[in-house]
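Reading the structure
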Amino acid sequence: MKFGPVGVEEAHGAILAHSMMVATGKLQKGRRLSAIDVEALRDHGVKHVIVARLDDDDLTEDEAAEQLARLLQRENLRLSPAATGRVNVYATRKGLFRADKQLVDRFNRVDPAITLACLKDYSQVSDGDMVATIKIIPLGVSKRLVDQAAEILALADAVTVHAFQAHSVALIQTQLPSVKPSVLDKTVQVLRRRLAPSGSVIVSERRVVHEENAVVRAILDAEREFDGSGPRMIILFGASAVCDAEDVLPNALRLAGGIVDHVGLPVDPGNLLVLGHKADTAIIVAPGCARSPKENGFDWVLDRILAGQPPTPDDLMGLGVGGLLMEIPSRPQPRELAGHAHKLQLGVVLLAAGQARRMAGAGHKLLAEFDGVPLVRRMADRAVEAGIGPVAVVTGYRATDVGAALEGLDVEILHNELFETGMASSIKCGLSSASRQQCDGLMVVLADMPGITSDDLKALADAFVQAEGRAIVRAVASGKRGNPVILPRATFADLELLDGDVGARHVIETCGLPIIDVELGSSAHLDVDTPEAVERAGGILRG
């Protein structure tokens, strides 16, 4: 292939290297120039163009990409038409993407002009996801090189998608007095979400004492309830983590007639996983971190089984590189020894951006005076007085007036320009401050709750510290949820996805973290949304 600038009169039959505008429109890169195109370029005042001229044994970029991509065509994969030297490969089923790294590397080393990029091996994919792309870099490439690359792709499957198989799943959870029923309930919810992409369902759930005989009976009972069609799996969650191959749950698996294939995983979090089977039923003893929706070693093993790719012990022991995942605060033990743990840092965000629509024109509730002090200043002052961390106030509606009421206080004022969209935008605005300061948790305080005191805020913060930052802390009134609430760092990613006029309730209920309720009495429910509520609470509206 010859590449470079030529006079426009010599460009007929050549391939245009860069898109160019002419009077009749745009001539796209990669276009083989016709006599009409040359005339249009000349009429537009173009003297020279950069082109490629192919030799007799060259293929165009699209021809080469198409020829190579056809060798990737497999069940559960779809190819796009070739364009600009590229063919994309898409999944047509939900499943697990597999890549032969050695084969892909050999392909890419044939010549820099010929490339294949794909997802990581064992990536979970959905119908329509792009999983790979073949791209020819220049406008043409030697057929000899294409043939060499094609020979490599013909050796084996370079990329594949193994469709998920819907499994019938039996869930067994053991119990100890220290484990709250709410933790077990949330485990069920989190597991259902993990199984959903494969169409798998929990067909039975049992909660038994943490003893071998009870677990054995539960395994045998679960087996009898399977309907006999389709693949099946038993998943056990222990009230106490597995710490030895002879511990309660692996021993119960053996006593029930099953086989323990492997104990332990070089993935953190996820070390304490046990994999076994009984006949054709896969059995997983899940690590405690699998109660959280965050990615951990359990996900890697579960996805492989659901896709009909059960891992061998050798496979499992090869997961160490890349197996150091994000810390999950709900884990039973932190990685660092307690003596080296850092002091927990809390951020406080006071939400003061709302439009007070229910005030019916009587004035802004946050500017109502309580003992001569505007409510928003009263609440900000109490947050500062609690001394539990930096305080940020999110403003929106009547931001200038609210800001003036806070003048002189040691608070960061964050203006939420999207305040009209609802509470979610204010939470995310406040979150930016906590994230920036690397806080371990975010205390969300509503500015219209005049009964909340600095001692209340301290009590919530103390509970968070006692839980070592690995639990949600929530104010309650007579056992009913209220405000404020403390959200650990593990929830920050989910908070960023909030949208509309919603608070953090959905995140609290679905994140899988334990919840600690702190009784604050009626103050946890008292907000002032109407003129009458302001008056009953002892406030005076000033218009």
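The structure this text deals with has already been given above.
As a starting point, this report considers the structure included with it. Every residue gets a number counted from 1 within its own chain, in the order that chain's sequence is written. Whole-chain, interface and lining totals are the exception, using all residues; otherwise, since this is a predicted model, local features are given only for residues with pLDDT of at least 70 and side-chain atom pairs are given and counted only at 80 or more. Side-chain measures here rest on the full set of heavy atoms in the structure, leaving out hydrogens and waters.

**A short note on the environment of D261**
Rules: Under the scheme used here, helices are H or I runs from DSSP no shorter than 4 residues and strands are E runs no shorter than 2 residues, and both carry numbers assigned from the N terminus. Contacts: residue pairs with any heavy atoms within 4.5 Å of one another. Pairs of N or O atoms within 3.5 Å make up the polar contacts considered here, provided that, within protein, one atom can donate a hydrogen while the other can accept it, and that residues adjacent in sequence are counted only when both atoms are side-chain atoms.
Structurally, D261 can be placed in strand β18 (residues 259–263). Residues D261 and G276, spaced 15 residues apart in sequence, show a C-alpha to C-alpha distance of 4.7 Å. For D261, the contacting residues outside a window of four places in its chain are L275, G276, H277 and P313. A distance of 2.9 Å separates a polar atom in the side chain of D261 from a polar atom in the side chain of H277.

**Considering unusual backbone geometry**
Applicable threshold: Burial classification: accessible surface area is computed with a 1.4 Å probe over protein chains only, and a residue below 20% of its type maximum counts as buried, one above 50% as exposed, and the rest as partly exposed.
Following D268, the chain continues to P269 via a peptide bond in cis, the omega torsion being 5°. Considering the arrangement of structural elements, one finds P269 in the loop between β18 and β19 (274–278). Each neighbour pair has its own omega, and for N483 with P484 the value is 5°, a cis peptide bond. Non-glycine residue R398 carries a positive phi angle of around 50°. On the basis of relative accessible area, R398 is assigned to the partly exposed category, the value being 31%. One non-glycine residue, S478, adopts positive backbone phi at about 50°. If you trace the backbone, S478 turns up in the loop between β27 (472–477) and β28 (480–488). Judged by its relative accessible area of 70%, S478 falls in the exposed class.

**Brief notes about a nonpolar patch on the surface**
To keep it simple, the criterion reads: What makes a patch is a set of residues exposed beyond 30% relative accessible area and free of salt bridges, joined within 9 Å when like-charged and within 5 Å when nonpolar (Val, Leu, Ile, Met, Phe, Trp, Tyr). The accessible surface values rely on the Shrake-Rupley method and a 1.4 Å probe; as for residues, cover is taken only from the protein chains in view. The term salt bridge refers to a side-chain nitrogen of Lys or Arg lying within 4 Å of a carboxyl oxygen of Asp or Glu.
Together, M1, F3 and I50 line one region of the surface with nonpolar side chains, adding up to about 260 Å² of accessible area. By secondary structure assignment, the location of M1 is in the segment before β1 (2–7). Here M1 falls in the partly exposed class, since its relative accessible area comes to 33%.

**Topic: the sheet that holds strand β7 (residues 77–79)**
Strand pairing in a sheet relies on backbone hydrogen bonds, with the paired strands running either antiparallel or parallel. The test is simple: If DSSP finds at least two bridges between two strands, the strands pair. Here, axes are lines fitted to C-alpha atoms. For helices the fit covers the stretch in contact, and angles between N-to-C directions go from 0 to 180 degrees.
Here we have 4 strands laid out as an open sheet, ordered β7-β8-β12-β10, and antiparallel in their pairing. With partners counted over all chains shown, the strands left at the sheet margins are β7 and β10 (114–118), one partner each. For this sheet the average axis-to-axis angle between neighbouring strands, irrespective of direction, equals 15°. Pairing geometry for β7 and strand β8 (residues 86–91), over 3 bridges, is antiparallel. Looking at β8, one finds that R78 is bridged to Y90.

**Details of the state of the cysteines**
Definition in use: Two cysteine sulfurs form what is called a disulfide whenever their separation falls within 2.5 Å.
Overall, the coordinates contain 0 disulfides when judged by the stated rule. Cysteine C429 is unpaired, with the sulfur of C439 as its nearest cysteine sulfur at 15 Å.

**Some thoughts on the packing of helix α2 (residues 61–69) against helix α4 (residues 143–153)**
Relative orientation and spacing of two packed helices are given, respectively, by the angle between their axes and the distance between those axes. Using the following cut-off: What sets the label is the angle itself: under 35 degrees gives roughly parallel, over 145 gives roughly antiparallel, 65 to 115 gives roughly perpendicular, and the rest give oblique. By definition, turning the near helix anticlockwise from the far helix through less than a right angle yields a left-handed crossing, and turning it clockwise yields a right-handed one. For this classification, Asp, Glu, Lys and Arg are treated as charged, while Ala, Val, Leu, Ile, Met, Phe, Trp, Tyr, Cys and Pro are nonpolar and the rest, including Gly, are polar.
Here α2 crosses α4 at 20°, and the two axes come no closer than 10 Å. Here α2 lies roughly parallel to α4, going by the angle between them. The handedness of the crossing between α2 and α4 is right-handed. Of α4, the residues touching α2 (which contributes A64, Q67 and L68) are V146, D147, A149, A150 and L153. Of the residues that constitute the contact of α2 with α4, the class distribution is 6 nonpolar, 1 polar and 1 charged.

**Some thoughts on the side chain of T395**
Of note, T395 is situated in strand β24 (residues 391–395). Overall, the relative accessible area of 2% leaves T395 in the buried class. Polar contacts involving the side chain of T395 include one to the side chain of H415, which spans 3.4 Å. When residues no more than four places from it in sequence are discounted, the contact partners of T395 are A352, A353, V402, I413, L414, H415 and N416.

**What about the sheet that holds strand β2 (residues 15–16)?**
An order of β1-β5-β2 is seen for the 3 strands of this open sheet, with the pairing classed as antiparallel. Of all the strands in the sheet, just β1 and β2 have a single pairing partner and so form its edges. In the sheet, β1 pairs with strand β5 (residues 48–53) via 6 bridges, with the strands oriented antiparallel. By the bridge assignment, V6 is partnered in β5 with V49.

**Some points on the environment of A404**
Locating A404 in the fold gives a position in helix α11 (residues 399–405). When the C-alpha atoms of A404 and M21 are compared, they prove to be 56 Å apart, with 383 residues separating the residues in sequence.

**Details of the environment of A463**
Looking at the element boundaries, A463 is found in helix α13 (residues 454–466). Distance in space between the C-alpha atoms of A463 and D517 is 8.9 Å, their sequence separation being 54 residues. Residues within four places of A463 in sequence aside, it is in contact with V473, I516 and V518.

**Topic: the pattern of salt bridges**
Tallied over the entire structure, the rule returns 23 salt bridges. Between D37 and R31 there is a salt bridge whose closest N-O contact spans 2.8 Å. On the basis of relative accessibility, which here comes to 5%, the residue D37 falls in the buried class. Taken together, the salt bridges that share partners define one network made up of D185, E205 and R207.

**Considering the packing of aromatic side chains**
To keep things clear, this is the line we draw: Only Phe, Tyr and Trp rings are paired, with Trp represented by its six-membered ring, and only when their centres lie within 6.5 Å; those with planes under 30 degrees apart are stacked, over 60 edge-to-face, the remainder tilted. Lysine and arginine charges are scored as sitting over a ring when NZ or CZ, respectively, is within 6 Å of the ring centre and within 35 degrees of the ring normal.
Inspection of every chain in the model, using the stated rule, returns 1 aromatic pair. Here R304 stacks its cationic end above the ring of Y122, 3.3 Å away from the centre of that ring.

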